[in-house]
Structures are given as C-alpha cells and as structure tokens.
Amino acid sequence: MNNRRTSAALAAGLAGALLLTACTSPAEEGTTTSPTTDTGGGAEVEEVSDPCKVDLGDVETQDDEIFYSIGSNEWPGFNGLTPETYSTYTGVVNDRMTGGFVYFGTDGTICRNEEFGTIEVLSEDPLSVQYTIHEDATWSDGNPVDYADALLDWAAQNPAFADANGEPLFNHVSGGNYPEYVPEGPQGEIGSKEFVLDFPVVYADWELLVSGWLPAHVVAEQIGITEDELAQAILDEDIETITQAAEFWNTGWLSPTPGELPDPALTPVAGPYKLASWEAGQSITLEANEDYWGTPAATQRLTFRQAAPETQVQALQNGDLNIIEPQASVDTLAQLEGLGDAVTIQTGETLTWEHLDFNFKNGPFADSLPLREAFAMCVPRQQIIDNLIAPVAPDAVVMNAREVFPFQDTYDEVVDAAYDGRYDEVDIEGATAKIEEAGVATPVDVRIGYSAPNQRRSDEVSAIKSSCDQAGFNIIDAGNQDFFQPGGTQERGDYEVALFAWAGSGQIASGQNIYATGNPQNYGGYSDPVVDEAWDTLASTVDPEVHLEQVKIIEKQLWDTLYGIPVFAHPGLIAADSTIQNVRKTAGQDGAPWNAEQWVRAE
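What counts and how
Residues numbered from 1 in each chain as written. Predicted model: local features only at pLDDT ≥ 70, side-chain atom pairs only at ≥ 80, totals over all residues. Heavy atoms only, no water. Helix = DSSP H or I, 4+ residues; strand = E, 2+ residues; numbered from the N terminus. Rg over C-alpha atoms; globule rule 2.2 N^0.38 Å. Buried < 20%, exposed > 50% of the residue type's maximum accessible area, 1.4 Å probe, protein only. Lys, Arg positive; Asp, Glu negative; His and termini not counted. Charge placed at Lys NZ, Arg CZ, Asp CG, Glu CD. Axes fitted to C-alpha atoms, helices over the stretch in contact; angles between N-to-C directions. Parallel < 35°, antiparallel > 145°, perpendicular 65-115°, else oblique. Left-handed = near helix turned anticlockwise from the far one by under 90°. Contact = heavy atoms within 4.5 Å. Pairing = 2+ DSSP bridges. Nonpolar A, V, L, I, M, F, W, Y, C, P; charged D, E, K, R; others polar. Phe/Tyr/Trp six-rings, centres within 6.5 Å; stacked < 30°, edge-to-face > 60°. Lys NZ or Arg CZ within 6 Å of the ring centre and 35° of its normal. Arc of directions from axis to C-beta. Core = buried A, V, L, I, M, F, W, Y, C linked by side-chain atoms within 4.5 Å. Expected span 1.5 Å × (residues − 1). Polar contact = N/O pair within 3.5 Å; in protein donor to acceptor, adjacent residues only side chain to side chain.

**Regarding the overall build of the protein**
Alright, step 1. Across its full length, the protein carries 17 helices and 19 strands.
Alright, step 2. Whereas a compact globule of 603 residues would reach a radius of gyration of roughly 25 Å, the protein reaches 23 Å, a difference of no more than 12%.
Alright, step 3. With respect to the three principal axes, the spread of C-alpha positions in the protein is 70 × 60 × 45 Å.
Alright, step 4. Counting every position in the protein, which comprises 603 residues, the buried fraction comes to 62%.
Alright, step 5. Mean positive and mean negative side-chain charge positions of the protein (25 and 99 charges, respectively) differ by 7 Å.

Next up, the structure:
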C-alpha cells in the first residue's frame, strides 16, 4: 500500500508498499523529474511530451469495461480525507468522482483543470487569488458546486473549530495549513460560484490548498438545515452547528460494511464517474456520470479489482485485468516481456520511496537514540537494493534523503549537507556496542509492520533479520493485511518499525504534515523543535533558495535524531493490454489512473 503526500493542507495517504494522500516526497521547486518510458518486449508506446492530460477532442462514452487493480485493500468509503482513509488506494477510486481546480501531471507538474474552474492571481504581495467554479458545474443530483462547498472544505481543515478538550471537530488528514495561511477563509457570497483567498503570509503550495470537495448540501441535509444555513454557520463560527456537521463529515461517508454501497443520496459526485457496484473482497465498479458537465468519460465502466501484486501479471495475461502496476522486479518484467506485443510496458522513475519509520509513541526505540542508531547500523540497505531493486533498475542507489530524490538536481547538494554516510555500510560490531550503550536486555524484539501480502517487503524484512539478529535484535515479520486499515496495527501502535512508502507529486511543503509535531501524518509521534521551525520557514515562502536551505536543515536533523531510515526510490512499472489507449505512466502519487477517464479500448 502506498501513502499519499499532499500539501499540508490536503494531506496524504497510507502506503503499505502513502496517505497518506496519504502517501512520497515532493519535487523541490527548481528541479524536475524525468520519467522514462521503455517498451521492453511489448508493443510500442506513443510518447507524449505534455505532462498534463491531452485534449481528446469530442469524446463519446464507449459501452465497455476496463479492469485495473488497486491492490488487495478494501475501499474504506466516500470520504477519503481522514487519516484512516486517505491513501493512494482510496484516491484511485475517489479521485474519479471528484472535481478540482488542479491535478498533478506525469512529472509532478501542477496542471490547471479549467473544466472545473479558473484561478486568477489578483495580487502577489500580499497574495490574493480568485477562484471561479465553472458555471455548469453541478453535483450529480443537480445541486450546484459553489461557495458553500469551498467553505466546508476550509472548515474541515480548521483546527480552530475544536471541542471542549481542544481537539479538532473534523477528523481531517490535513495539517491545518489552509486555515493557517488563509485565516479568514474563502471570501465570497453564499450561493456564488466565485470566492477569493487572501494570504497574509504566502504558502509554498498555495495552488494545492483548494482541491476536490465533499458535498456541503448533503452535510446540511443530514443535520436538518439548508446548505445556505450551513455556509452561514461556518462564517459565523457557530460551533454548535459546525459540531453537528463534523459528526456527519467524520463518519457519515465511511463504509464499515465492505460490499455495501452507501445510499446514493449521500454520494453525489462532481467528476466523470460515480459509484455503481461493490463486491466485498473482490472489486468496486464505477460507471460514467451522465450528468457530468465536462468531457465525458471515454469508457462506461471502470472496475478496480483487489489483487495482490504477485497475481497481477497472470491476471493481465488472462484478461482479468487490463492495466497493472505490479512491483517492479526482474522476474515480473521478464514475465511481461514474454507476453510480446499483447501488452505495452512502461518503466521509469517515480516520486515514491521506501522507508523504515520508528515508533516514538511506545516501545524500545521511543526514547533511545543509541538503540535507533544500532538498528540503522545493521539494516542492509545496499543488499536490499542489489537483490531486489537493481535487477530491474540498474541505476538504483540507496536513498539518503526524504524530500529530494536521487534523480533530482539538488539531491547531491542536500545529501552532502545533511548526511555523513554513517549508515552506508552494515556495522554489526558497532550496532552491538550501541545496544550495550542503550542498556537494554537482548535480544530486543522488533516487530516490523507493513501491509501484507507483499513479497518484496517480506524479502526486505528477511534481509534485515539476517543482519540485525546478529547484533542483538530479534526481528519479527509483523506484516498483515490490516496494518494500515482503520483501527489496524499501525493505528494501534502495535509495531516498533513501520515499513511502507510515501507517494507524492510536485509538492514543496507536504513533508510538514509528516515530520512536524502533532500533524496527522506523523504516525509515529516524532517531535523535534529544529524540524518544526524549519518547516514553518519553508512553508511560508515561494523562494526556491529558502526551500533548499531549509530542506538541508530538515534532512540533517532527521538523520541526527533518526526519525527513520530511507531505503530506495521505487522504480515504476505499468503494463497494459495493448488494445487500451491513453494509458500514460506518471511519476506522481496517483499512478496510472491519474487520467483513467481517458482510457478506452481501440475499436
């Protein structure tokens, strides 16, 4: 599973592989990603230079069905913006049903979606931005998409709306940057399709603050008021009404019973697809939204099947899946190349990276830097690269940063300033000495949790066990299917080290939601004042030189205090039935479905 990372205001997802939406590292401003395409032994792939979606002209929805896998995770519900539900897996489904002013292109470029609306900068100093929603934009039940939806989105991310204990009313994955940088909220007229954001202090990722929304009129109906009354309550800071709205927002769109679709009246959509059917443990199907005002979906039905990575090549060959993104391995690539021209194969770099994160809330690592250092000394990162990654990505290297990638221009400069190579080589003797310094009894049990089944992660844990057990640890493979599920192992803190990946796009300040004290994606409970201050400085400017200098400070402190251990950047691999058109690889967090509404089978 991959967690997504978005700007701190839009937060990210979980990865068993994000949120988590949630969920990678953003590309620094001034750097670019260069995903490559390789056709391997398959059919030719047409190169597209524009990182944004291409104009397909007049589109007529084809009465057909295309199958893609979101892995083996169950869909958690219509609201994918809670810390428990925001992930790359949830986003694959939910992003097809929502609209927004921007989206990420194939190289992390922020692309404008003018079918949804337009963005106009009214003033640069101070920053003031006008948003205009398309005049025809409506939810699929006929209710206009308007200012009230923007207000609810801002309110849901506002930690100032809190209960008597000071806890935010809304369980939003965001770190609260939206209301922090736009304290007065969206300015507009109730019922209007225009609003203005005024920034007393600029935010580095300001373009990402206004994203896809949940329907405000549904929330209003569920608490017995009108949409206009809900909007006014937010403007008036009517905590009693906002509390009722938050109670529905937090739980009313979740799906506690797998396979049971929510009431359609609760889930109107503002995108090209809507919910159609759901078979627990098997698949969820979307169908074209006939009331969508923009370019119609190219294919009538998209079915997202639950399939473990190791089963996907066979499923593609059998026709059970039409597009797959299996974990890139030499065996997988060879199998795909063996299918010849029946498939198209695309490989390249991605903005997704593997890492091991310590649990700072409880367990042996929480208050012991020497013990964390001991673990870092025995993790065989180079061996993991050599055995599991280099066979399919020969240029792969051990990753020694979190906010920049080895293929980006500033990577070497950041690493040189932040990391001295102390954990490049396995040092069993040094690790043993550090365990002795920590003063704990051996062996030290270390449960490494991840979202299973996942063969590559299982192999990673095996390699770590072979090495670290020699130093005095007892590595326990704690992978399980529920690790990142709501209420699962990760949420309960039943692990010492979490193994997963962050998946991101062209964001600058998204890491603040992961590493800064108390933020929703800071799952392990890490806290450091130097890191917090650096993120505040970075997030409050659009100056790329400031971004770079603060990233150096952040990276150095994360190494010196050992937040966790980066391992490698994921190589990307997409294979598709050669009859399916418009499948385009992306380095960003959305994966192949970033343009799924354009997928269509050649006639």
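Let us keep going from here.
**Observations regarding the packing of helix α9 (residues 369-378) against helix α12 (residues 428-438)**
Alright, step 1. Where α9 meets α12, the axes come as close as 8 Å, and the angle between the chain directions of the two elements is 165°. In this view, α9 runs roughly antiparallel relative to α12, as classed from their interaxial angle. Between α9 and α12 the crossing geometry is left-handed. Note on element contacts: α12 touches α9 through I428, G430, A431, K434, I435, E437 and A438, opposite P370, L371, E373, A374, M377 and C378.

**Some thoughts on the pairing of strand β8 (residues 194-199)**
Alright, step 1. Inspection of the sheet shows strand β6 (residues 127-133) paired to β8 by 6 bridges, in the antiparallel sense. Bridging across to β8, L127 finds its partner in F199.
Alright, step 2. Note: strand β7 (residues 187-188) against β8, 2 bridges, orientation antiparallel. Across the sheet, the residue bridging to Q187 is V196, located in β8.

**Points about the environment of G588**
Alright, step 1. Topologically, G588 is positioned in the loop between β18 (580-581) and β19 (600-601).
Alright, step 2. By relative accessible area, which is 8% here, G588 ends up buried.
Alright, step 3. It is 26 Å that separates the C-alpha atoms of G588 and A417, two residues lying 171 residues apart in sequence.
Alright, step 4. What G588 contacts, discounting residues up to four positions off in sequence, is T106, G504 and S505.

**A look at the packing of helix α10 (residues 381-389) against helix α13 (residues 455-468)**
Any two packed helices are characterised by the angle at which their axes cross and by the distance between the axes.
Alright, step 1. Packing of α10 against α13 brings their axes to within 10 Å, and their N-to-C directions diverge by 145°. Classified by chirality, the crossing of α13 by α10 is right-handed. Counting all contacts with α10, which are made through Q383, I384, L388 and I389, the residues of α13 involved are R456, D459, E460, A463 and I464.
Alright, step 2. Looking at the contact of α10 with α13 residue by residue, the classes come out as 5 nonpolar, 1 polar and 3 charged.

**Here we look at the pairing of strand β9 (residues 273-279)**
Alright, step 1. Across 6 bridges, β9 lies against strand β10 (residues 283-288) in antiparallel orientation. Pairing of Y273 across the sheet is with A288, part of β10.
Alright, step 2. Linking two consecutive strands that pair antiparallel, namely β9 and β10, is a turn of 3 residues; a positive phi of about 75° is found at G281 within it.

**Some words on the packing of aromatic side chains**
Alright, step 1. Following the criterion strictly, the structure yields 34 aromatic pairs and no others.
Alright, step 2. Arranged with centres 6.0 Å apart and planes meeting at 85°, the rings of W154 and F161 form a pair that is edge-to-face. One exposure class covers both W154 and F161, and it is buried.
Alright, step 3. Residue placement shows K53 over the ring face of Y103; its charged tip is 4.6 Å from the ring centre.

**Concerning α12**
Residue pairs three or four apart in sequence face the same way in an α-helix, which turns once every 3.6 residues.
Alright, step 1. For α12, every residue scored as buried is listed here: G430, A431, K434 and I435. Along the long axis of α12, the arc covered by the buried residues comes to 140°, so they all point the same way. In α12, the exposed positions that point more than 90 degrees away from the buried face belong to E429 and E436.
Alright, step 2. Structurally, α12 contributes buried residues whose contacts are with α9, β14 (444-449) and β15 (473-477).
Alright, step 3. Where α12 ends, the next residue or the one after it, G439, has phi of about 70°, a positive value.

**Considering the nonpolar core**
Across soluble globular proteins, nonpolar side chains show a tendency to be buried alongside one another.
Alright, step 1. Ranked by size, the top nonpolar core spans 174 residues in total, and within it F375 and F473 carry the most contacts.
Alright, step 2. The contact partners of F473, leaving out residues within four places of it in the chain, are F365, L371, A374, F375, C378, I435, P443, V444, V446 and C468.

**A closer look at helix α17 (residues 544-561)**
Alright, step 1. Taking 1.5 Å per residue, 18 residues should reach 26 Å; α17 reaches 26 Å between its end C-alpha atoms and fits that length.
Alright, step 2. The set of residues buried in α17 consists of H547, L548, Q550, V551, K552, I554, E555, Q557, L558, W559 and T561.
Alright, step 3. Packed against the buried residues of α17 are α9, α10, α11 (411-418), α15 (512-515), α16 (529-539) and β17 (564-577).
Alright, step 4. The backbone nitrogen of E545 has a side-chain oxygen 2.9 Å away, supplied by the residue at the start of α17, namely D543.

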